[in-house]
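# Fold and geometry: a report
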Amino acid sequence: MPGEKEVLRTTCPRDCYDSCGIAVIKRNGEVRKVLGDPDHPVSRGALCGKCALAYNGAWRDPRARLLHPLRRIGAKGAGRFEQVSWDTALSEIAAKLSAILEEHPGARVIHTHYTGTCSAIAGGFPARFFNRIGATEVDPDTVCNKAGHQALGYTLGSSSTGFDPRTARDADCLVIWGANPHASAPHAHKHWIPEFQQRGKVIVIDPVAHPTAQSADLHLRPRPGSDAALAFALTHAVMTQGHLDEAFLASSVLGWEEVLPAIEAATPAWGEAETGVPAARIEEAAALYGPGPSLMWLGQGLQRQPLGGNVFRAAAMLCAASGNIGKPGSGLLFLNGGGSRELDFGLAEGDGAPGASISHMDLAAVLEDPQRSRAFFNWNNNPAASGPEQGRLRRALAREDLLSVCVDLFQSDTADFADYVLPAASFLEFDDLVSGYFNLSLSAQVKVMEPLGEALPNQEIFRRLAKAMGFDDPALFEEDAAIIARILAGSLYSGDFAALKQAGTVQLFEEPHIPFADGVFPTASGKIELASAAAEADGHPRCPQARSDSRTEAGKLRVLSPASAWLMNSSYGNDATVREKLGPAAAILHPDEAAARGLSQGQAVVLDNETGSLPLEVAISEEAPPGCVLVHKSRWPKAEASGANVNILNPGHKTDMAESSCVHAVEVALRPL
Ligand SMILES: Nc1nc2c(c(=O)[nH]1)N[C@H]1C(S)=C(S)[C@@H](COP(=O)(O)OP(=O)(O)OC[C@H]3O[C@@H](n4cnc5c(=O)[nH]c(N)nc54)[C@H](O)[C@@H]3O)O[C@H]1N2
Ligand SMILES: Nc1nc2c(c(=O)[nH]1)N[C@H]1C(S)=C(S)[C@@H](COP(=O)(O)OP(=O)(O)OC[C@H]3O[C@@H](n4cnc5c(=O)[nH]c(N)nc54)[C@H](O)[C@@H]3O)O[C@H]1N2
Ligand code: SF4
Ligand SMILES: [Mo]
């Protein structure tokens, strides 16, 4: 008997541009299949390949999931644990943490978190506990996109008020700059971009010829780290082609006359010499972008470069010079945050004052120093796979005198180093809110099944830990339903959570929303600040600079380690079917680069630098640019024979702004094994 069928709507809360609607098929009360919601405007009936496998694989597989709290019995890192009760785990953690807090300032408790789940409460609520004890937060954005945020903050006054993707219906040109939608926004790649191409032209600016670049109308392949020079040359070409928006420059832009001499000097021929992009292609791109209306999508990979902040300021300058913002069919998008749609997920984090913060680039150094760290809590994050200085970090995590607690769905590399591993419930197992960072929508995350084993949502784990600590602040115990109701009450959505659950996803603006339509920007001057006193006060140049990174040392290769289409950061790295799709860890080289080095497909090689070494198999593809080696990020180190992934090579250098990651500038030597 097939049994009674029920279809429930929910939403994917991964750190992904798409925020897909999900249809969960249940029979006789049991989840049978997790599919794309056919009525959802983004997923249109299909999840991406990785989620389709993992949500019907490891994420619902009791053999793969953590089911019970665990206490370490072996050496740190060995991954040997015994099952304990929640009471035992939480009372022991509370006793140890209290003892630490009696002797040390709260700032020596370090907590890392990020994109495990991006739903409001599971992504925010635990911060209440850490703020209560004055813990040090490892600033999550520093491993991802903080340089871009800071640069756009100086320039536009906001880094998370992007264009509404629906305004593409009025655009003639779309620039996708240092983003790879084929992997990181697969439904935008599959639907939004091709539909746009029926009316307008797509320019991709990326050293890598990924599938989105291959299907673009124009693909510019700059040397990595040379995009600020390219932006100046493009602005020069826009100017000489007569497409400056003089009226907009006069009314809404500060500092044009200060950047003008550098723009005048940045001829397309100069741009070609700096970036490797032929001058004719620079002219061609300017002729498509300049007249507008044009959209500019700035990817997160673009700013993971030593001068990533400067690159973003220069790109925003091109947008301002051509007046491609504040009008239908125009705008610049990095991320669309809650502010772009009057939605305050920050309510989940409570209003306790945050403690100190450090950069992810300094995590290994802080964790190896008993003067700076006594306890380490990790939730929604897998730094032993995703963070820099992998070798040094693992040595620091092995410190016997560091109390270490990891909250995860799976026994990750980071969990292997914990004293206590606490099982988190998956997004299918509790209600929450999701609001993606591309489309201006709001979605319900709906409980469709009971948590596996004894797993609990992040927020419940930290409520129980707060109780075990003897805390009584009401904010530490606020219930999910109350938080959801408060967030919804302050939002543009007029319904309650029950109504949102029915709808799945709602658009918060009926018509495409046009930010900055009044020509006023949330900077000190109210204008786009090409010349920024705020940047200058923080020790940065007053204006964007027509500069590029220095060239890679002769014989060395620059590692690009962007998103893999089959992983979500390190998530799914343990799913057997996903691992089959991934194949062996590869060093992808351009045919010319491979030929010059006498390398063949499948050959075993080692990448080396002062930070570490990594054995890989050569894969030859024109996707990789000459002079670079493409190694996709975030495989599970412990699933590799080498016990490492590409971050074993990452020295954790910081960008020009915000102590953020410039992981796409790692240099290595390559030798045959
Ligand atoms: N070389 C290189 N490294 C990179 C990057 C790069 O481009 N190159 N990119 C960087 C970027 S952009 C980012 S954002 C970081 C991301 O790095 P991380 O934030 O570490 O992301 P994940 O690796 O997916 O780890 C998230 C963990 O959260 C767990 N998780 C999922 N849902 C839940 C939940 O509900 N509760 C709890 N407690 N845990 C959950 C997952 O199982 C997983 O182990 O990686 C960075 N690392
Ligand atoms: N499938 C999948 N999707 C993901 C993720 C994942 O791991 N897997 N991670 C999620 C997360 S946390 C994030 S932050 C986003 C990131 O997604 P994206 O914004 O797409 O960023 P990346 O994948 O890091 O890199 C995008 C592109 O930047 C290019 N790039 C690197 N350096 C330069 C440069 O100097 N100039 C130019 N022009 N381009 C450059 C790379 O070649 C790459 O093609 O994706 C999210 N979505
Ligand atoms: S990870 Fe992105 S593409 Fe995949 S199902 Fe989730 S939202 Fe959709
Ligand atoms: Mo990220």
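Residues numbered from 1 in each chain as written. Chains lettered and ligands numbered in written order. Predicted model: local features only at pLDDT ≥ 70, side-chain atom pairs only at ≥ 80, totals over all residues. Heavy atoms only, no water.

### Re the site of ligand 3
As a reminder of what qualifies: Here a residue is near a molecule or strand as soon as one of its heavy atoms is found within 4 Å of it. Each helix is a run of H or I in the DSSP string that is no shorter than four residues. Each strand is a run of E no shorter than two, and both are numbered from the N terminus. Residues are grouped as follows: nonpolar covers Ala, Val, Leu, Ile, Met, Phe, Trp, Tyr, Cys and Pro; charged covers Asp, Glu, Lys and Arg; every other residue, Gly included, is treated as polar.
In the vicinity of ligand 3, the contacting residues are C12, R14, C16, D18, S19, C20, L47, C48, K50, C51, P186 and H187. Counting only elements with at least two residues in the shell around ligand 3, the list comes to helix 1 (49-54) and helix 7 (186-197). Looking at the shell around ligand 3 residue by residue, the class counts come to seven nonpolar, two polar and three charged.

### Overview of the packing of helix 9 (residues 227-240) against helix 13 (residues 279-289)
How two helices sit against one another is set out by the angle between their axes and by the gap between those axes. Note the cut-off: Axis lines are fitted through C-alpha atoms, for helices just across the contact stretch, and the angle between N-to-C directions can take any value from 0 to 180 degrees. In this scheme the handedness of a crossing depends on how the near helix is turned from the far one: anticlockwise by less than a right angle means left-handed, clockwise means right-handed. Two residues qualify as a contact provided that any one of their heavy atoms is within 4.5 Å of a heavy atom in the partner residue.
The contact between helix 9 and helix 13 brings their axes to 8 Å, and the two run at 65°. Crossing angle aside, the handedness with which helix 9 passes helix 13 is right-handed. Contacts between helix 9 and helix 13 pair L230, A233, L234, A237 and V238 from the former with I282, E283, A285 and A286 from the latter. By residue class, the composition of the contact of helix 9 with helix 13 is eight nonpolar, no polar and one charged.

### Let's talk about the packing of helix 9 against helix 14 (residues 308-321)
Applicable threshold: Note on angle classes: values under 35 degrees are labelled roughly parallel, values over 145 roughly antiparallel, values of 65 to 115 roughly perpendicular, and the remainder oblique.
Between helix 9 and helix 14, the least distance of the axes is 8 Å, while the angle of their chain directions is 15°. What the angle tells us is that helix 9 and helix 14 run roughly parallel. Relative to helix 14, the crossing made by helix 9 is left-handed. Across from D227, A228, A231, F232, L234, T235 and V238 in helix 9, the residues of helix 14 making contact are N310, V311, A314, A315, M317, L318 and A321. Counted by class, the contact of helix 9 with helix 14 contains eleven nonpolar, two polar and one charged residues.

### Notes on the site of ligand 2
Definition in use: Identification of polar contacts relies on pairs of N or O atoms within 3.5 Å, with a donor-acceptor requirement for protein atoms, meaning one able to donate a hydrogen and the other able to accept it, and with residues adjacent in sequence counted only if both atoms are side-chain atoms. Per-residue accessibility takes into account occlusion by the displayed protein chains alone, with areas from the Shrake-Rupley method and a 1.4 Å probe.
For ligand 2, the set of nearby residues contains 34 residues, the closest of which are D206, D227, R304, L567 and N569. Between ligand 2 and Q300 there is a distance of 2.8 Å, counted from an oxygen atom to a backbone nitrogen or oxygen. Out of a free accessible area of 910 Å², ligand 2 has 99% covered by protein chains.

### Some thoughts on the sheet that holds strand 19 (residues 441-445)
Quick reminder of the rule: Whether two strands pair depends on DSSP finding at least two bridges between them.
If you trace the three strands from one edge of the open sheet to the other, you get 18-19-20, paired in antiparallel fashion. Where the open sheet ends on each side, the last strands, each with one partner, are strand 18 (432-434) and strand 20 (505-507). Ignoring which end each strand starts from, the neighbouring axes of this sheet average 25° apart. Of the strand pairs in this sheet, strand 19 and strand 20 are connected by three bridges, and their pairing is antiparallel. Looking at the pairing, L442 lines up with V506 of strand 20.

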